[in-house]
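Commentary on secondary and tertiary structure
Take a look at the letters that make up each chain.
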Amino acid sequence: MKFDKVIGQEEAKERLRQLVDEQRIPHALMFTGPEGCGKMALALAFASFLLGERWDGRSLLASPAAVTNAEAMLAQWQHPDLHFSYPVIKSKGAGSDSKITSEDFAKEWRQLLARGPYFSLEQWMTYMNADNQQASIFEAESDRLMRKLNLKASLGGNKVSLIWLPERMNLTSANKLLKLLEEPPSKTFFLLVCERPELLLETIRSRVQVFAVTRIDEDAITQALVERQGIAEEDARRIARIANGDWMKALEEIDADNENKEFFAIFVTLMRKAYSKDVKALKAWSQTVSDFGREKQKRLIAYMMQMVRENFMYNFHNPQLNYMTQEEENFAQHFAPFINERNVMLFQHRLQLMMRDIGQNANGKLQFFNFALETTIYIRK
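Here's what I pulled together on the structure shown here. Numbering of residues starts from 1 in every chain and runs along the sequence as written. Reporting of local features is limited, given that this is a predicted model, to residues whose pLDDT is at least 70; pairs of side-chain atoms are given and counted only at 80 or more, and all residues count toward the totals for whole chains, interfaces and linings. Side-chain descriptors were evaluated using all non-hydrogen atoms of the structure, hydrogens and water having been removed beforehand.

What counts as a helix is a DSSP run of H or I of at least four residues, what counts as a strand is a run of E of at least two, and both are numbered from the N terminus. The helix and strand tally for the protein stands at 17 helices and 5 strands. Relative to a compact globule of 381 residues, whose C-alpha radius of gyration would be 21 Å, the protein shows 23 Å and is just as compact. Seen through its principal axes, the protein has C-alpha atoms that stretch 70 × 50 × 35 Å. For the accessible areas, the method is Shrake-Rupley and the probe is 1.4 Å, while residue cover comes only from the protein chains on display. Of the roughly 18,300 Å² of accessible surface on the protein, 49% is carried by carbon and sulfur atoms. Here the radius of gyration uses the C-alpha set of atoms, whereas the globule reference equals 2.2 Å times the residue count to the power 0.38.

As structure tokens, this is what we get:
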């Protein structure tokens, strides 16, 4: 994948180019930054370069034939020296001793990559038909990497291990990865793409060089929306501002049936029924959202946290502080006064606790019903 497919991030590309020019590419590089900023896109492009794809006419392979061959394989994500690791689920009916690895979902992974380098865990879960399961990187994955990376490169060049969301490794897998990082095989580069580095083992974090990626520039998102999505420039600028540096969010905004529209309706229903203290309706509300899978429940909680924040900030009457769609802003005009300094932290703290508990497999129906009842109190403060 070429770097011109990466939206914006010119400064990040320049830093990577400098590592190459100064011949000080670290054996382990961890890409971090806000969701939707293009960490994975940068890692995919850099992995392609390390395996021989040309970047501004330059390749790490000497033979033109080898370059052409490498680029052809990378175009299909079929290069034998590129090893992907990513969170997967245990197939239905799989026993507790089943050795699940990324290779079990290689077909679905390539289908996802074929759509482009920008995607979310939620989209990946859909490709795996995950239902209510949670995705992890299991012990067998690190065993697979050890076997693969200790072999000689199939094409005689570098080997690249690209690990997406390493924070989802279980403890055994993480400890085995640590051993690989401490004693890296010859001519092997590790590229980690991490959303929450604080969840990684400290010993792993200490053995990688962090490559921080910032939000995408608003002008770059605007340009990409115009050129890649055919959006009128004025609309593209509005979407880019709402996206706040997140290309995934920008794409959601142009999707007429995006999930946030569903979440908005759910949020509005909750607040209206809580204000009127309609317990029967709140119970029905909690039943509806508890039927979502756990990953979708967590996305809903994150959306409600965002809406609480946006409505609180709306009270300051400074448009530069808000990032809402027109529909959300129309609702905020009347609802925002009900989110104030007396209850905003109560809402946020309670939602954070619920996010934690849902992530730890707490009973969703009970969690959401309790929150709905507490909202009847918070909203009147």
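This brings us to the packing of aromatic side chains. Aromatic rings from Phe, Tyr and Trp, taking only the six-membered ring of Trp, are treated as a pair when their centres fall within 6.5 Å; an angle between ring planes under 30 degrees marks them as stacked, one over 60 as edge-to-face, and anything in between as tilted. Enumeration over the complete set of coordinates arrives at 24 aromatic pairs. Considering the side-chain rings of Phe347 and Tyr378, the 5.2 Å spacing of their centres and the 80° angle between planes classify their relative orientation as edge-to-face. Placement of the pair is Phe347 in helix H16 (residues 344–359) and Tyr378 in helix H17 (residues 364–378), with a sequence separation of 31 residues. With respect to burial, Phe347 and Tyr378 carry one shared label: buried. Buried residues are those whose accessible area, probed at 1.4 Å on protein chains only, stays under 20% of the maximum for their type, while exposed residues exceed 50% and partly exposed ones sit between those limits.

What follows covers the pattern of salt bridges. Whenever Lys or Arg places a side-chain nitrogen within 4 Å of a carboxyl oxygen from Asp or Glu, that contact is recorded as a salt bridge. If you walk through the whole model with that rule in mind, you get 27 salt bridges. Of the charged contacts in the structure, one is a salt bridge between Lys296 and Glu262, with a shortest N-O distance of 3.1 Å. One end of the pair, Lys296, is in helix H14 (residues 294–314); the other, Glu262, is in helix H12 (residues 259–275), and 34 residues separate them in sequence. Note that Arg356 and Asp357 form a salt bridge whose closest N and O atoms lie 3.0 Å from each other. The buried category is assigned to Asp357, whose relative accessible area is 17%. A cluster of three or more residues bridged by salt bridges with shared partners is formed by Glu103, Glu141, Arg144 and Lys148.

Take Gln348: it is sitting in helix H16. You can call Gln348 buried: its relative accessible area is 14%. Separated by 3.4 Å, the side chain of Gln348 and the backbone oxygen of Met305 make a polar contact. Working rule for contacts: check all heavy atoms of both residues, and any pair within 4.5 Å makes them a contact. Aside from chain neighbours lying at most four places away, what touches Gln348 is Met305, Val308 and Arg309. Polar contact is the term for a pair of N or O atoms within 3.5 Å; when the atoms are in protein, one must be able to donate a hydrogen and the other to accept it, and sequence-neighboring residues count only if both atoms are side-chain atoms.

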